[in-house]
Amino acid sequence: MGNKILKNVRSAGVLLFIGCIAWSCASDQLSLPEIEDGGGLEQAYIGSDQCALCHSEIYNSFQTTGHPYKLNKVEGGVPPVFPFTILDYTPSGYDWNNITYVIGGFAWKARYIDSNGYIITGDDVQWNFETMEAVPYHADEEPGTKMYDCGRCHTTGWVSLDDGGVPQDDLEGMGGEFFAGGIQCEACHGMGALHKASQSKDDIIIDRSAEQCGTCHYRNEDHTIAASGGFIKHHEQYDEMIAAGHSVLSCNDFHDPHNSVKHGKTAGIITNCTDCHTDTNNTHEIRGASCETCHLPYASKSAVQRTKYQGDVQTHIFKINVDPDGEMFNEDGTLANGETGVTLDFVCYQCHRDPDGEG
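Reference entry: report on the structure contained in this document. (Residues numbered from 1 in each chain as written. Predicted model: local features only at pLDDT ≥ 70, side-chain atom pairs only at ≥ 80, totals over all residues. Heavy atoms only, no water.)

In terms of nonpolar packing, the biggest core is built from 27 residues, with Leu-87, Val-102, Tyr-112, Ile-113 and Tyr-148 touching the most fellow members. Secondary-structure elements contributing two or more residues to this core are strand E2 (99–104), strand E3 (109–114) and strand E5 (122–128). Broken down by element, the residue count for this core peaks at four residues, all from E2. Ignoring sequence-local partners within four residues, the contact set of Tyr-148 consists of Leu-71, Ile-103, Ile-113, Gly-117, Ile-119, His-154, Thr-155, Trp-158, Gly-173, Met-174 and Gly-175. Residues Ile-225, Ile-232, Ala-243 and Ala-299 belong to the second largest nonpolar core, which totals 14 residues. (Core = buried A, V, L, I, M, F, W, Y, C linked by side-chain atoms within 4.5 Å. Buried < 20%, exposed > 50% of the residue type's maximum accessible area, 1.4 Å probe, protein only. Helix = DSSP H or I, 4+ residues; strand = E, 2+ residues; numbered from the N terminus. Contact = heavy atoms within 4.5 Å.)

Quick look at the structure:
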């Protein structure tokens, strides 16, 4: 039976049909229909462990990045396992028996989902790994009221309630359903059943464009750069690249998405600034400042505000606004002025001090 299926999949007509379906349905993969090829082969999710059977090296590397850990299920009252962090904290009034999922946990922070599928809110409900302390998250919202609707960028195969999904695990607070928690292989490459059978690259999505990364690494539909509390919000890199004038380049020109740049890992960076900017003279290098120090300052925040001018995520705006009176944000602080560049306070006060001794 298996040989018959594989023979059918490899036929030219079926491959053309499959290829059209796989690409046209990349944004709505759960609705992809069964292929009438006589063999009964249907496109479907197969899971990253199946990808690992052939792509073990890539899989093993990918498992040390943050993508697979965007949403982690709690099973048997035991906390999820992460490659570099240990999460042994639970918010007040909760333990691992009434927490169903952990949001994050790989690097910056961890948030929690209660036994009904709602994101836990309150005064001590977000765990920050850098400072090893619990901090508030939406403390003004009653516990058991904040629905989890983050699955588009936190899960693989997300279908929201509005798009016909049902609450995951029958938890009323879940705003949709998904195939797997976290950004697994098939979140970027599409369903893998046909590719597993045919072993053909024509049956899997390989999209190296910045737009592919930009499906998650943005916030505002108009691609303005969202800000709050004096910092750019996290996962805004695609919009920052557009504002910086680097939109002609792909994220994959600089990053290997299967490798990490956190926890002392550096293999994720595949291109250095000087690979393109060969005539640049870094006069600050003798003081320990690299290109990235000034052009990718920590003007964004995920969990921790280190100083008045330093968050915990590097911005990808690159451009520096050398106007001493330049404004980093709009009047109400909700948008960053990315086109004019990162202002000098975020750049210079990493090393120097302002008149109030900040920086």
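Overall, the coordinates contain 13 aromatic pairs when judged by the stated rule. Centroid distance Phe-84 to Phe-106: 5.9 Å. Interplanar angle 80 degrees. Geometry classified as edge-to-face. Taken as a pair, Phe-84 in the loop between strand E1 (71–73) and E2 and Phe-106 in the loop between E2 and E3 lie far apart in primary sequence, 22 residues in all. Looking at Phe-106, the relative accessible area reads 6%, which means it is buried. Ring centres of Tyr-309 and Phe-346 lie 6.3 Å apart, and the angle between their planes is 85 degrees; on these two criteria the pair is classed as edge-to-face. Of the two residues, Tyr-309 is situated in the loop between strand E14 (300–301) and strand E15 (320–321) and Phe-346 in helix H12 (residues 344–348); the sequence distance between them amounts to 37 residues. Using a relative accessible area of 12% as the deciding quantity, one classes Tyr-309 as buried. (Phe/Tyr/Trp six-rings, centres within 6.5 Å; stacked < 30°, edge-to-face > 60°.)

Turning next to the layout of surface pockets. Volume-wise, the second largest pocket comes out at about 370 Å³. Of all the elements in the fold, those that place two or more residues in the lining of the second largest pocket are helix H3 (48–51), E1 and strand E11 (180–181). In terms of residue count, the dominant contributor to the lining of the second largest pocket is E1 (three residues). Split into classes, the residues belonging to the lining of the second largest pocket amount to 10 nonpolar, eight polar and three charged. (1 Å grid on protein atoms, 1.4 Å probe; cavity = no way out; pocket = protein on both sides within 12 Å on 5 of 7 lines; lining within 4 Å. Points joined across faces, edges and corners; volume = space filled by probe spheres on them. Nonpolar A, V, L, I, M, F, W, Y, C, P; charged D, E, K, R; others polar.)

Below, the discussion takes up the pairing of strand E6 (residues 133–137). Pairing analysis gives four bridges linking E5 to E6, with the strands arranged antiparallel. Bridge pairing in E6 links Gly-122 to Tyr-137. The hairpin turn running from E5 into E6, its antiparallel successor, is four residues long, and Met-132 in that turn takes a positive phi close to 55 degrees. (Pairing = 2+ DSSP bridges.)

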